[in-house]
Structures are given as C-alpha cells and as structure tokens.
Amino acid sequence: MGIYLVSVAADDWRDEEVLGPVAGAVDAELGRRGLAPFVCPEPVRAGRRPGTRFEEKLHRPIGGFDRLCRARSDDTHEALLGWEVLLPVDLADSVVLPARSEDDDPTTVGGARRALAAARRLADRLALPAGIPEHCDGLDLGRWFDGPAAVAAATAPGPWSEDLDAAYYTAVYLRAAEHALRRGCPVAYS
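None of the values given here were measured: they were computed from a predicted structure. (Residues numbered from 1 in each chain as written. Predicted model: local features only at pLDDT ≥ 70, side-chain atom pairs only at ≥ 80, totals over all residues. Heavy atoms only, no water.)

**Topic: helix H3 (residues 63-70)**
1) Next: What H3 keeps buried is the set Gly-64, Phe-65, Leu-68 and Cys-69. Each buried residue of H3 lies within a common arc of 135° when the element is viewed along its axis, so the set occupies one face. Turned more than 90 degrees away from the buried face of H3 sit Arg-67 and Arg-70, all of them exposed.
2) Next: Packed against the buried residues of H3 are helix H4 (76-81), helix H5 (112-126) and helix H8 (164-183). (Buried < 20%, exposed > 50% of the residue type's maximum accessible area, 1.4 Å probe, protein only. Helix = DSSP H or I, 4+ residues; strand = E, 2+ residues; numbered from the N terminus. Arc of directions from axis to C-beta. Contact = heavy atoms within 4.5 Å.)

**Looking at the pattern of salt bridges**
1) Next: If you walk through the whole model with that rule in mind, you get 15 salt bridges.
2) Next: For Arg-60, the salt bridge identified is with Asp-146, shortest N-O distance 3.0 Å. One end of the pair, Arg-60, is in the loop between strand S2 (55-57) and H3; the other, Asp-146, is in helix H6 (residues 140-146), and 86 residues separate them in sequence.
3) Next: Relative accessible area serves as the criterion here: at 15%, Arg-60 is assigned to the buried category.
4) Next: Asp-140 serves as the salt-bridge partner of Arg-143, at 3.0 Å between the closest nitrogen and oxygen. Pair noted here: Arg-143 and Asp-140 are both in helix H6, with a separation of three residues, about one helical turn. (Salt bridge = Lys/Arg side-chain N within 4 Å of Asp/Glu carboxyl O.)

**Things to note about the environment of Arg-32**
1) Next: Examined against the element boundaries, Arg-32 turns out to sit in helix H2 (residues 20-32).
2) Next: Between the alpha carbons of Arg-32 and Val-22 there is a distance of 15 Å; along the sequence they are 10 residues apart.

Pasting the structure below:
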C-alpha cells in the first residue's frame, strides 16, 4: 500500500467510479473559462514503450521538500503540493472542483505548466545531477534514489545531495509535470 502518483488513462478518466466526476467538473470549469473540454488521450497499445506511463510510489519523508517549497516567496508550494490532479492545461492557479476525491474532499486541480516551472526552479536551486531517470514508468525514480543516488552523491555532491528526500520529491514533481505535458494526460494521486 501507499500513495502513488500515476498517469491517468482515458478509460479511468471517463469512468464514473474512478475519475469521471472529476472529468465532468473539469470540463464544466474549462467551459466557464471559455476553454475547450479536456480530452484524455487513449493509452499506447502497441507494446510498452518507455515514457508512456508515469508511476511513482511516494515512499520517502516529505518534510524537507515541504519546507523547501514553503521557504520560497513565490507560488512553488501551491504549484507542487496544492493539487490532487495535475492537468496539461494552462491554469494560473489551482482550481477547487465540487467533484469529490477518494477521501471525500473537493478535488483540487493544478496546471502542469505551472508545476513544471516551479519544479524547474527547485531543480536548478538544488542542481539536480545528470542521470536521474527521465521516464518514470515503474517506480524508476524511487529505485534510483534508493540506490545509484548514493554513488552520485559521493561523486557529484552538491545542494541536491544534502537532502536526498527533498531532491527525490523535486525530481518526482518535475518528471510528473513533464510527463503530463509530453503525453497530454492527467497525473493523479492513487
């Protein structure tokens, strides 16, 4: 068990038992803003290729990352931690929808471009090293931070290696936003 951050396939986006109510509320809100409804892309069916799914188990302590985000005077905290569903749609702020999430609270939707900008600011500040997986199909980031990160920290130390948990979450949100924009799909907690 645990909390996962995963890409959302079209069938789950439309499913009334999964994210269908959120999808309907997203379309209503986009319509209210004069924007077209969001169309979730169909999954890639011809074999599994790297970068077609996003999946990360959020298994490390998040306190250092939370403090890192809150220490900034910009919108970093809300852009990265203020949503349950991340959409590849331009949203200036997070939007609270009347649709209920799994814990029966209203669902907050964030924009992937805004999250990407915030994650890039943190990644630059921490000087994340080369070698961090770019496609996170099957817990790739967690495996990298649980193993090769220790070697990278010894050979290429920097601000990122001072708090590997904060660096991990920076990489997770960076890659999640990149994935949402590259694939045109939502990313959500599960």
